[in-house]
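Listed here are the chains, written in short residue letters.
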Amino acid sequence: MEGDFDWRLYRVTPRMALTEQQMDEVDAMLLTGNLIAAITIVRGHTGWELGRAKDFVEARLVHLRQAHAEHFRRLDAPPPRLFVDSTLMGQLHGVGHANVRPVSEVLRRLEQLVAGYNYSVTLDVKALDLPGEELPLIEVMRTCYPESRPHLSKVRRVSLEELKTDVDACLRYEGDESSGPRFTAARREKLERELLPAFWRALAELIPYEEAELHDYPDETGLPGYSVYWFFAYVLHDRMRRRCVVITGSSSD
């Protein structure tokens, strides 16, 4: 028991248990202000639905704010100024529409399939060719999404399994009664057998993601849509081909 929150309620079966090491992963994300990454980690380790993982993380954050008050006072301080290399931005070039179109077309079909009567889904993809092997994250994100705040985002490297698990789980989200889910057996089959495989195939043609460096981008500011039910954003970086791809998604009411 920590404070008034009984963490044992969330350790009821071995499959859903969080080890001390896994809890440390969650705390590390929360101590950097990365709430979304913490929720993703909890869901990955436990298999919980979004709502339960979110409740768990928010309760843990309350405890950490009490235990590390000075740290969070510094974290809540005014943000640093944004510095963008305009010369470097001028060297970033959008990948040709013909190459991006297969991914975009699958995303449009996914938006229509997985949306509910009372919530909408927004999915997007951007692709840039880079002047060198390094990933200029700030310039990339400001080129793709001019209102984004990459200088404030705690980006982290993730595995391919983490990325695919998160994206697939979001796209499989069916909502609850209040959000008016439209899933049927036929829709589920179309999602699993056709659209999810088509998305990953098209993305692999745009960028070989199994060989790329994968980054979780946790800040939805300036990105398409807004999140109520779920959100993801990833930056995929292929050093050898000097290309990066940004995929984003959110579901809102």
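All values derive from a computational prediction rather than experimental measurement.

## A short note on the overall build of the chain
Okay, step 1: Looking only at helices and strands, the chain features 9 helices and 6 strands.
Okay, step 2: Over its C-alpha atoms the chain spans a radius of gyration of 19 Å, differing by no more than 12% from the 18 Å that the globule rule assigns to 253 residues.
Okay, step 3: Once the C-alpha set of the chain is aligned to its principal axes, its extents read approximately 55 × 50 × 30 Å.
Okay, step 4: Considering the chain as a whole, with its 253 residues, one finds that 45% of them fall into the buried category.
Okay, step 5: Considering only contacts in the chain between residues 6 or more positions apart, those separated by 24 or more positions represent 71%.
Okay, step 6: As displayed, the chain offers around 13100 Å² of accessible surface, 50% of which is attributable to carbon and sulfur atoms.
Okay, step 7: Charge-centre separation for the chain: the mean point of 32 positive side chains lies 2 Å from the mean point of 40 negative side chains.

## A word on helix 1 (residues 20-31)
Okay, step 1: If you check helix 1, its first and last C-alpha atoms are 16 Å apart, about what 12 residues at 1.5 Å a residue would give, namely 16 Å.
Okay, step 2: Gln22, Met23, Val26, Asp27, Met29 and Leu30 are the residues of helix 1 that are buried. Projection of helix 1 onto a plane perpendicular to its axis shows the buried side chains occupying an angular sector of 160 degrees, all on one side. Among the exposed residues of helix 1, those pointing more than 90 degrees away from its buried face are Glu20 and Gln21.
Okay, step 3: Tucked inside the fold, the buried residues of helix 1 contact helix 2 (35-46), helix 3 (50-67), helix 4 (69-75) and strand 3 (156-158).
Okay, step 4: Where helix 1 ends, the next residue or the one after it, Gly33, has phi of about 85 degrees, a positive value.

## Comments concerning the nonpolar core
Okay, step 1: Among the nonpolar cores identified, the biggest contains 58 residues, and Leu110, Phe199, Leu203, Trp230, Leu236, Val245 and Ile247 are the most heavily contacted of them.
Okay, step 2: Element by element, the count of residues in this core is highest for helix 9 (residues 185-206), at 9 residues.
Okay, step 3: Residues within four places of Trp230 in sequence aside, it is in contact with Leu50, Val121, Leu123, Cys170, Leu171, Tyr173, Gly249, Ser250 and Ser251.
Okay, step 4: Of all hydrophobic cores here, the second largest spans 15 residues; its members include Leu128, Met141, Cys144 and Tyr217.

## Remarks on the sheet that holds strand 2 (residues 120-129)
Okay, step 1: If you walk across this open sheet you meet the 6 strands as 1-2-6-5-4-3, and the pairing is antiparallel. Looking at which strands have only one partner, the edges of the open sheet turn out to be strand 1 (93-94) and strand 3.
Okay, step 2: Alignment of strand 5 (residues 230-238) against strand 6 (residues 243-252), held across 9 bridges, turns out to be antiparallel. Along strand 6, the bridge assignment pairs Asp238 with Arg243.

## Some points on the state of the cysteines
Okay, step 1: For the structure shown, the criterion picks out 0 disulfides.
Okay, step 2: A disulfide-free cysteine, Cys144 has its sulfur positioned 6.1 Å from the sulfur of Cys244, the nearest such atom.
Okay, step 3: Cys144 supplies the cysteine sulfur nearest to Cys170, a cysteine that is in no disulfide, at a spacing of 20 Å.
Okay, step 4: The exposure class of Cys170 is buried, given its relative accessible area of 3%.

Parameters and conventions
Residues numbered from 1 in each chain as written. Predicted model: local features only at pLDDT ≥ 70, side-chain atom pairs only at ≥ 80, totals over all residues. Heavy atoms only, no water. Helix = DSSP H or I, 4+ residues; strand = E, 2+ residues; numbered from the N terminus. Rg over C-alpha atoms; globule rule 2.2 N^0.38 Å. Buried < 20%, exposed > 50% of the residue type's maximum accessible area, 1.4 Å probe, protein only. Contact = heavy atoms within 4.5 Å. Areas by Shrake-Rupley, 256 points an atom, 1.4 Å probe, with all protein chains shown as cover. Lys, Arg positive; Asp, Glu negative; His and termini not counted. Charge placed at Lys NZ, Arg CZ, Asp CG, Glu CD. Expected span 1.5 Å × (residues − 1). Arc of directions from axis to C-beta. Core = buried A, V, L, I, M, F, W, Y, C linked by side-chain atoms within 4.5 Å. Pairing = 2+ DSSP bridges. Disulfide = S-S within 2.5 Å.

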